[in-house]
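The primary structure of each chain is shown beneath.
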Amino acid sequence: MPLGKSPSNSALHPENGDEAPTGPLSGPSSIEWRRQRLLQIGNPSAEATETSSLRPNLETRAASYGTLPSDAHRRGGKQKSNFRTRHGLGALPDLLIPKGRYTNPPTPNVLTPRSLRGSSYFTAQRPITAYDKPVGQETLEPEGAVKTNGIRVWYSSFTSIDWLHDAIKDSARQARLRRHKSKRGRMRRQLDRSIGWLTVTIIGFLTAVIAFLIVRSEQWLFDIKEGYCTSSIWKAKRFCCPVQDDTLFDLRTPAFVTVALNPEESCPAWRTWGEVFAPMASSKGGLIKQEAIEYAVYTVIAISLAILSALLTIYLTASTSFVTRKDSGVLSSTFATGDDGQKLTDPPAGGAAQRKVLYYAAGSGIPEIKTILSGFVIHGYLGGRTLFTKAVGLALSVASGLSLGKEGPFVHIASCVGNIVSRFFSKYETNEGKRRGILSAACAAGVAVAFGAPIGGVLFSLEEVSYFFPAKVMWRSFFCAMVAAMTLRFLDPFGSGKLVLFQVTYDKDWHAYELLPFLFLGVFGGVYGAWFSKLNYRWSRDVRNATWLKRYPVVEVILVTLVTAMFSFLNPYTRMGGTELVYNLFAECRAGSSNTHSGLCVLDPPTQAVSVIQSIFVALLVKGALTIVTFGIKVPAGIFIPTLGVGACAGRILGILIQWAQYSYPESAAFAVCKGDLNCVIPGLYAMVGAAATLSGVTRTTVSLAVIMFELTDTLTYAVPVMLSVLVAKTIADALEPKGIYDLVIELSQLPYLDAKHDYVWGSLQINDVTDRDVDVIRVDRENTVKSLRDQLQDLVESGNSDSGFPILRPDGDGMRMVGYIGANELEHALSIVADDPDQVITFHSTTPQHHGGMMASSISSLAETGSNIIGLDPYDFSCYMDQAPLTVQDNSPLELVQQLFTKLGARYVVVTDADGHYQGVIDKKTWLAFLDELEHKSD
């Protein structure tokens, strides 16, 4: 039936493009608009003032980050015994969900889109289309229609996507394209197919360009701590003067003297800060004082770069600073009662844990990317502001000399590029499932530019990051990685024709006797990886998040940078940048070459080996210890390069020892294959194998890591050593610590990641042990008014279940049968449209299947304005939002079936019925994750 006339019906008649919801398929309106609409239900004169709980200075919403929320958030702290309390599922720390800082004027009594025209809200954001907006407005013929499982409006932050709905939606879109048999229709289909390839091409190109800018900036900023180029101040040291090591460095020089830099002999164009401030040094002891000046300048610049990176990360990418119209407008715990005396920022009753704020640009981003690709939504995490902050902050943090790398964050940066580019194409903008295929391809491009390994990037995306990886995604990932690697090769960031600095080649083959040292390096990598993961997890949990450091993240960055700068002057290898150190450790010492790779080439082991081993061992200890406390601070930081550096140090030490043994006992049976060749042993090869083993122990990657190493060395000659060490390292690490560093970060951050690779032991547990039988339902045999549904929605959001919805039931004999299921976001959207009639009865029925396209594509406001009355189009009939065919399981089904429904089909919820088909309860994804977490802790 048509809309009734009311004084506030003007809210449904936007003019000149104002974006208020105009129907089931309209885009999201502003949060303020929806909140006011829902507030006025049953209270037409309601007005929110600047100090009300509906309009705080900084709006926040508590949401459980992957598990069930605290019971303290329920109204008055009183609630009936439910699944959570019966099973004793503890609540994990709540997350602060952003609602932005509003600059709108006070809201008038009757809020219309016209009153928002002068605000900054619509000018600050790109218009968002309807999530289920059809490709065309033409009405599908009944025989060609594709049935859907209800209309979706948008996904709020920190909710799960509906993989099944998005798959059905894309199938409907493909069906519409295939209906047109004309030449124009065939061209449209070809254009649709080409959009995916065009998208990944742009992503690969832009990722390479951004990586080039970051690398060049990081090189210059890193070198500026030591001095500057007199020919051009904007040149990094490697471009100011070529690297030429013509003489052996005497590593017996005092530790505070920089042995690898002699500007007068090796690089006249490079001037150190010690020389710049030389007049300040007295003639006596000038060398020591000059070194002291260089140390002071080095430390000051390093701390300044780290502070700037931390400030950018904290103040530009805090989760509280992001604004999105796709989130729920039902926020305040006092919403239904109209009690505006309590602020949203007031601490919850019952002493609940303080809400947690995320910093989107901090860390490597790979754990969060894994969670997003598994079907979780974090608005803003892959946005333009995060991309800018991550790129600039990464260059600053790496240049500061902290024990971190830039390779891991490249995956996050590439994903940001992929998300931004894909939003310009409607097939990805309005389909979160398909967009994740593009993000998987972007991850491959990120690894490709990080290691110069496009094939390894595809395998890394498949093995470590992606959740859904069909053949089409694999092809596009490969193409995207190829474009990124090719573009970076043309840009030549290092001026050497290499994609990465530590890309090396070896001339000699490995020998059978070396399998034992390679096996030992695998054991070392596994032990180190397990204990590094344990120590970093405990440091983050018990020190970083449980002491005063949690309140002062910038102070933590300053302290870590200061300690790093202090230890950087122990020897040349601790002062060296991570990438440069790995390159020199990997490098092969060629006979007759004057390049000693910073003194690492041992020509006379009896006289040189001990001092070199001591220096490398000190670097190993310093890098390993600093990485434990550095990874996790509030700056963009990766784990790849520090881990490769530790493994390469261990491998180089072992390689020098074996080289020394072969030098001392050339006639031994173990070295018979060398036939007296004193250059038979390649220490750099041991460093490469050790680096691969250590990285495998930390991240638990295997196949992709091995292929990355093959691409770094441009050969398959060393496939067996790398594969052996990687497999041994992963086996040892899994035995000591079942979770890798990324899984532990996911656990520490309470990210709702459902691991499809993990095997659970169900024992005697049954579906009844996890089914939530107390979830609120909508019964069609009762009168459901606009106001009563609004109150039910508010109760649902208060309980922390905004990611779920309501089962819709009808009586059937002695039980209840399912009519459908409606999500919380869909119900809020529908109620905001019909908020003018609080006593109007809302109906649900399952007799009319909905289609993508067709009559429901028309806006309700246009129908009301023209007086049209199309049979079956009733704005108070919410059936179009209802999932009429939800996934169901019987209560006697095995729990493994439920696990497969969530992991393989990507279900958001599963309805439980008895053997007669009567409704028993619901298992939503959040409840299932909490159940698995409880099960895992019991098994431990």
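It should be emphasised that the depicted structure is a prediction, and the values quoted were computed from it without experimental measurement.

The rules behind each value
- Residues numbered from 1 in each chain as written.
- Predicted model: local features only at pLDDT ≥ 70, side-chain atom pairs only at ≥ 80, totals over all residues.
- Heavy atoms only, no water.
- Helix = DSSP H or I, 4+ residues; strand = E, 2+ residues; numbered from the N terminus.
- Buried < 20%, exposed > 50% of the residue type's maximum accessible area, 1.4 Å probe, protein only.
- Contact = heavy atoms within 4.5 Å.
- Salt bridge = Lys/Arg side-chain N within 4 Å of Asp/Glu carboxyl O.
- Pairing = 2+ DSSP bridges.
- Axes fitted to C-alpha atoms, helices over the stretch in contact; angles between N-to-C directions.
- Phe/Tyr/Trp six-rings, centres within 6.5 Å; stacked < 30°, edge-to-face > 60°.
- Lys NZ or Arg CZ within 6 Å of the ring centre and 35° of its normal.
- Expected span 1.5 Å × (residues − 1).
- Core = buried A, V, L, I, M, F, W, Y, C linked by side-chain atoms within 4.5 Å.

Enquirer: Can you break down the overall build of the chain residue by residue, with the values?
Expert: In terms of regular secondary structure, the chain is built from 31 helices and 10 strands. Relative to its 940 residues, the chain shows a buried fraction of 60%. Of all intrachain contacts in the chain linking residues separated by at least 6 positions in sequence, the fraction that spans at least 24 positions is 80%.

Enquirer: Could you give me a rundown of the pattern of salt bridges, with the residues and numbers involved?
Expert: This structure, assessed with the given rule, holds 25 salt bridges. The partner of Asp162 in a salt bridge is Arg152, and the shortest N-O contact between them spans 3.0 Å. Taken together, the residues span a long stretch of sequence, with Asp162 in the loop between α3 (121–124) and α4 (163–179) and Arg152 in the loop between α3 and α4 at a distance of 10 residues. Its salt-bridge partner being Glu226, residue Arg575 comes within 3.4 Å of it at the nearest N-O pair. On the criterion of sequence distance, the pair formed by Arg575 in helix α19 (residues 572–575) and Glu226 in the loop between α5 (183–223) and β3 (227–229) is long-range, its members being 349 residues apart. Assigned by exposure class, Arg575 and Glu226 land together as buried. Taken together, the shared-partner salt bridges connect Asp170, Arg173, Asp192, Lys427 and Lys434 into one network.

Enquirer: Please give an account of the sheet that holds strand β7 (residues 815–823) that cites residues and values.
Expert: Spatially, three strands are ordered β5-β6-β7 in an open sheet, and the strand pairing comes out mixed. Looking along the sheet, the strands with just one partner apiece sit at the ends: β5 (778–779) and β7. Docked against the sheet, helix α27 (residues 786–798) engages β5 and β6 (805–812), running at close to 125° with respect to β6.

Enquirer: An account of the packing of aromatic side chains is needed here, citing residue identities and associated values.
Expert: The final tally for this structure, using the stated rule, is 25 aromatic pairs. The interplanar angle of 90° and the centroid separation of 6.0 Å between the aromatic rings of Phe460 and Phe640 together place this pair among those described as edge-to-face. Taken together, the positions of Phe460 in helix α15 (residues 454–465) and Phe640 in helix α22 (residues 640–664) put the pair 180 residues apart, joining distant regions of the chain. Of the two residues, Phe460 and Phe640, neither departs from the other in class, the shared state being buried. Here Arg385 stacks its cationic end above the ring of Phe322, 4.0 Å away from the centre of that ring. Above the plane of the ring of Trp197 lies Arg476, whose end atom (NZ or CZ) is 5.4 Å from the centre.

Enquirer: Describe helix α21 (residues 605–630), and please don't skip the residues or the numbers.
Expert: With 26 residues, α21 extends 35 Å between its outermost C-alpha atoms, agreeing within 8% with the 38 Å of an ideal straight helix rising 1.5 Å per residue. Gly632, located one to two residues past α21, shows a positive phi value of around 120°.

Enquirer: Give a description of helix α12 (residues 407–422) that names residues and reports values.
Expert: Taking 1.5 Å of rise per residue, the 16 residues of α12 would be expected to cover 22 Å, and the 23 Å separating its terminal C-alpha atoms lies within 8% of that figure. Counted residue by residue, α12 has 15 buried out of 16 residues, so it is predominantly covered.

Enquirer: Mind laying out the pairing of strand β10 (residues 919–924), listing which residues take part and the relevant values?
Expert: Here β10 lies mainly inside the structure; five of its six residues are buried. Across five bridges, the pairing between strand β9 (residues 909–913) and β10 is antiparallel. Counted as the bridge partner of Val910 is Ile923 from β10. Two successive antiparallel strands, β9 and β10, enclose a turn made up of five residues, where Gly917 displays a positive phi of approximately 85°.

Enquirer: If you had to explain unusual backbone geometry to someone new, which residues and values would you point to?
Expert: Of note in the backbone geometry, Phe158 takes a positive phi value of approximately 65° without being a glycine. For Phe158, the position within the fold is in the loop between α3 and α4. Residue classification places Phe158 among the buried positions, given a relative accessible area of 4%. Despite not being glycine, Asp492 has its phi angle at roughly 55°, a positive value. Checked against the element boundaries, Asp492 lands in the loop between α16 (471–491) and α17 (515–544). Judged by its relative accessible area of 19%, Asp492 falls in the buried class.

Enquirer: Describe the sheet that holds β9, naming the residues involved and giving the relevant values.
Expert: Across the sheet, three strands lie side by side as β8-β9-β10; this open sheet has mixed pairing. The open sheet is flanked by β8 (888–890) and β10, the only strands paired with a single partner. For this sheet, the mean inter-axis angle between neighbouring strands, taken without regard to orientation, is 30°. In the sheet, β8 pairs with β9 via three bridges, with the strands oriented parallel. Considered in β9, the bridge of Val889 is made with Val912.

Enquirer: Can you lay out the pairing of β6 for me, pointing to particular residues and giving the numbers?
Expert: Across two bridges, the pairing between β5 and β6 is parallel. Bridging from a neighbouring strand, Ile778 pairs with Ile808 of β6. Pairing between β6 and β7: eight bridges, direction antiparallel. Bridged to Asp812 within β7 is Gly815.

Enquirer: Describe the nonpolar core, naming the residues involved and giving the relevant values.
Expert: In terms of nonpolar packing, the biggest core is built from 134 residues, with Phe410, Phe451, Phe586 and Val722 touching the most fellow members. Beyond its immediate chain neighbours, meaning those up to four positions away, Phe451 contacts Glu407, Val500, Phe502, Phe640, Leu644, Ile708 and Leu712. Counting residues in hydrophobic clusters, the runner-up holds 29 residues, among them Ala824, Ile833, Val834 and Ala835.

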